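Spelled out from the first residue to the last, the chains are:
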Amino acid sequence: MIVRLSRLLAVCLLLPAMSSAQGLTPPSLIEEAEPTLRVEQEAAVVLRITIGADGAVTEAEVVEGATPSLDQAAVDALRRSRFRPATQAGTPVPVRVLYRLVFRPDVSTQEEPPDTEPQDTEPQDAPQDAPQDAPQDTEPQDTPQDAPQDTEPQDTPTFGAEAEVERDWEGLLERSAEAVNVINTRELQHRAVDLGDVLAREQGVAIRRNGGLGSTSRFSLAGLYDDQIRFFVDGVPLNVAGFPFGLANVPISLVDSVEIHRGVVPIRLGADALGGAVNLNASQRLRQTYGAASYQFGSFGTHRASLAARYHDADSGFVVGGLAFADHSDNDYDVDVEIPDERGRLQPARVRRFHDAYTAFGGTFDIGVLDRPWARRLTLRLFGTGYDKELQHNVVMTVPYGEVTFFERAYGATLRYDHQIDDVRVDLVTSVATLRTDFQDLGERIFDWRGNVLGDRAVPGEIQSVPQDQTFRQWTSFSRAGVFWDVVNGHTLGVTATPEYTTRSGNDRRTDDEPDPLSGEQDLFKLTIGAAHEMSIVNDRIENVLFAKYYYYRADTEQLLPGRVFRSLDERSHTPGVGNATRFLLHDSFWIKASYEWATRLPNSPEVFGDGRLVLANLELQPERSHNLNLSAQLDHNHEGTGRWAAEVNLFARLSDDLIVLLGNERSFIHQNVFRARGLGVEASAQWTSPESHVSLGGNVTYQDVRNVSSQGAFGDFDGDRIPNRPYFFANANAALRAPNLVVDGDSLTFSWDFRFVHEFFRGWESQGLRAFKQTVDTQRIFGLALSYATPDPTPLTFTLDLQNVTDARVFDLFGVQRPGRTVFFKVRGEI
């Protein structure tokens, strides 16, 4: 029997961050691929598909399945079909739609009822080969859960001209004028990795950890480091969103996609970033009803679990959901150290870490309403998270600790409201959060690297031979108000204001002196105001964003001087900023971008006040400024015969003043202003995916030259040197093989391989001392393998065996601090 198909396009709502897509023409089918599967009774499959700017289907995901074999047949048929792409102002754009396939038996073998539906309702762009005598569905279909409540799906063989279509946010964002790359993490959630592992595989990004799971990390983007890049969760700063354990340790299952903004930050984020921003999108499935769970276990006593659920009622707009996670690792991997023998001579030895356990836990609860006449979105999120961490050694892993511990707890709430009235969109968000940090170094015993007690200490305290029992409490409020007005077609004006206030207090329980050295005033206030004009002309071939920013910074602090007297230190600054981003669409699959921003980054509380552990306070830090430039060329093309080809080359320059750099010794770190720095670099990436995604290959390479160009001051002696202790050349490669329908229809087996290379680099200034005796961080070559088996819908399960650092290489991100060797993890993930 030949299968007959009818198609249904249902509405998918735009993402909250998007403005309305005026003048958007939906796609239409121009070439229908015939499924090979035959049926004897009618069945339907609803899929969410992404149609690229060239009309090819790049993604197909089953939303409402029938049987595994029918689901897979529907996916295969759509991937082979061709569409006339959606257009806006005459320019093809990628879109994401819901698509319903109805399988019917061959009408030649059955008596077909007469066609009673009026034919003049067919849209003019209906395919000429659509079956005119096929029986029409007369019963109303269930509206998909992420369709708007006022949509009544109709069984029509084409995309109706009245239909609303969800612009593919990820594809559109990368094609926009913004200097941004987007990572779809949902495809990686079956892997036994965290967000740090995923980001480290991107071009221009370096994630450097000082240990295993839960260890602190340093993030680099295009040569700039740490807090020079701002981190967000759904547009809310990471420190106010309930992730005190840092970006690298965020479970991958909590994030749907990641935006990496390179050097130029849009005003909608309201950020004072110097080198860019990273925004974790955790609410892309806001209008869906689903449940998901995952559990991972493996080497070094590692266990990671997550649970998420959401319910959305399209009729009332009510939405409620939440997530919970728990992570633990003993981190008892082998490390190479030097241990004294019977004569006191240091000898190399391999030992197992014994005091480095990490436990993290937390959850969020969301409730609100969507798509009401008075609000597009009104939601409240409550969160509570925390972690406990043991500290194994000093900064360069030369002295073992056995009793140093610290923990952090974060609690808070985020309220969001956004709405659109005619051509004006209002976006409001406000968050409050409290963070408590406890640090204890009260050890009275001396430990060796094997965990043996060698004796008692004369004075408690392993780090500085001084006991420490400290608590820090921090309260932060963050708000952002934005108004965006579509003045005329192709022109939008936007204004945002983002105030952020942080106050911090401390208590040293080991001192009886008055006043308490941690009780001094520690207040920070920041205000960022932005205004932008977005323009799209020449049939959307040219897109330009011109913006200006204003930064206000106020720090009110007190420093304890000898004699137990506080000295007030107050800082004020007012700085402007400007920028522009342009994109030229030379072809539907090829475009170039150029962007510039004169940016300011204001110091934050950990830099000014320290972190309560190893980072000391510097109350005289100044804001840093930078001229940031990017020039890139990008290709994203789907070819029917050879698959999808994507490539990018990006040149960047960072000319910074008063650059804040984390410098340190073997015991502690401190942030300092380097008067001037210059960063130049090039990034390149390429990716190929075969038709139907059976094979994929990819890789990227980054070279960056970040140098001190201060001719005077504290770093004048190192004029022309590379900024120390940061990699300058690194690369990644990956490959995947996918075998569908291996055991049953609709299943798949995927084999993945990845590789990371980091060239060696100096720990200190390269002109200081003899090169032959300088401390270096050695070259890294790390291989990973994974094997995943996925069962078919409607309740898919994924089982993954993940091997990392397969060769058991000695890996160092930071000088002297050894990362884990070979690890083996098993992960299972399911969704309903």
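Going by the structure above, here's the rest.
Small disclaimer: the values here were computed from a predicted structure and weren't measured. (Residues numbered from 1 in each chain as written. Predicted model: local features only at pLDDT ≥ 70, side-chain atom pairs only at ≥ 80, totals over all residues. Heavy atoms only, no water.)

**Student:** I'm lost on the packing of aromatic side chains in this one. Help?
**Tutor:** Aromatic ring pairs: the centre-centre distance and the angle between the two ring planes describe each pair. Across all of its chains, the model carries 18 aromatic pairs by this definition. Cluster of aromatic residues (ring-pair linked, three or more members): Tyr358, Tyr387, Phe406 and Phe439. When the ring centre of Tyr290 is taken as reference, the NZ or CZ atom of Arg285 above it lies at 3.9 Å. The ring of Trp598 carries the charged tip of Arg625 above its face, separated from the ring centre by 4.1 Å. (Phe/Tyr/Trp six-rings, centres within 6.5 Å; stacked < 30°, edge-to-face > 60°. Lys NZ or Arg CZ within 6 Å of the ring centre and 35° of its normal.)

**Student:** Explanation requested: the sheet that holds strand S12 (residues 205-209) in the structure shown.
**Tutor:** Reading across the sheet, the three strands line up as S12-S13-S14 and stay open at both edges, with antiparallel pairing between neighbours. Either end of the sheet is taken by a strand with one partner, and the two such strands are S12 and strand S14 (224-225). Strand direction decides the pairing type here: strand S13 (residues 217-221) and S14, joined by two bridges, are antiparallel. Each bridged residue has a counterpart across the sheet, and for Leu221 the counterpart in S14 is Leu224. (Pairing = 2+ DSSP bridges. Helix = DSSP H or I, 4+ residues; strand = E, 2+ residues; numbered from the N terminus.)

**Student:** In this structure, what is going on with unusual backbone geometry? I would like to understand it.
**Tutor:** It is generally the case that most residues other than glycine have a negative phi and that most peptide bonds are trans. Look at Ala222: it is not a glycine, yet its phi comes out positive at around 55 degrees. The exposure class assigned to Ala222 is buried, which follows from its relative accessible area of 1%. (Buried < 20%, exposed > 50% of the residue type's maximum accessible area, 1.4 Å probe, protein only.)

**Student:** Explain the pattern of salt bridges to me, please; I cannot follow it from the model alone.
**Tutor:** Note on pairing: side chains with opposite charge can pair once their charged atoms come close. For the structure shown, the criterion picks out 46 salt bridges. Arg201 is the salt-bridge partner of Asp754, the closest N and O atoms lying 3.7 Å from each other. Pair noted here: Asp754 is in strand S42 (residues 748-758) and Arg201 is in the loop between helix H3 (195-199) and S12, with a separation of 553 residues, a long-range link. With relative accessibility at 24%, the residue Arg201 sits in the partly exposed group. Residue Arg352 pairs with Asp334 through a salt bridge whose shortest N-O separation is 3.8 Å. Residue Arg352 is found in strand S23 (residues 346-352), and its partner Asp334 is found in strand S22 (residues 334-340); the two are separated by 18 residues along the sequence. Residue class for Arg352 comes out partly exposed when judged on its relative accessible area of 47%. (Salt bridge = Lys/Arg side-chain N within 4 Å of Asp/Glu carboxyl O.)

**Student:** Which parts of the structure should I look at to understand the sheet that holds strand S11 (residues 180-184)?
**Tutor:** As a general point, the strands of a sheet are linked pairwise by backbone hydrogen bonds and lie either parallel or antiparallel. Pairing is mixed across the open sheet formed by five strands, whose spatial order is S11-S17-S18-S15-S16. Taken across any chain shown, the strands that pair with only one partner, and hence form the sheet edges, are S11 and strand S16 (236-237). Note that strand S15 (residues 229-233) and strand S18 (residues 276-281) share five bridges and pair parallel. Paired with Val233 across the two strands is Leu280, which belongs to S18.

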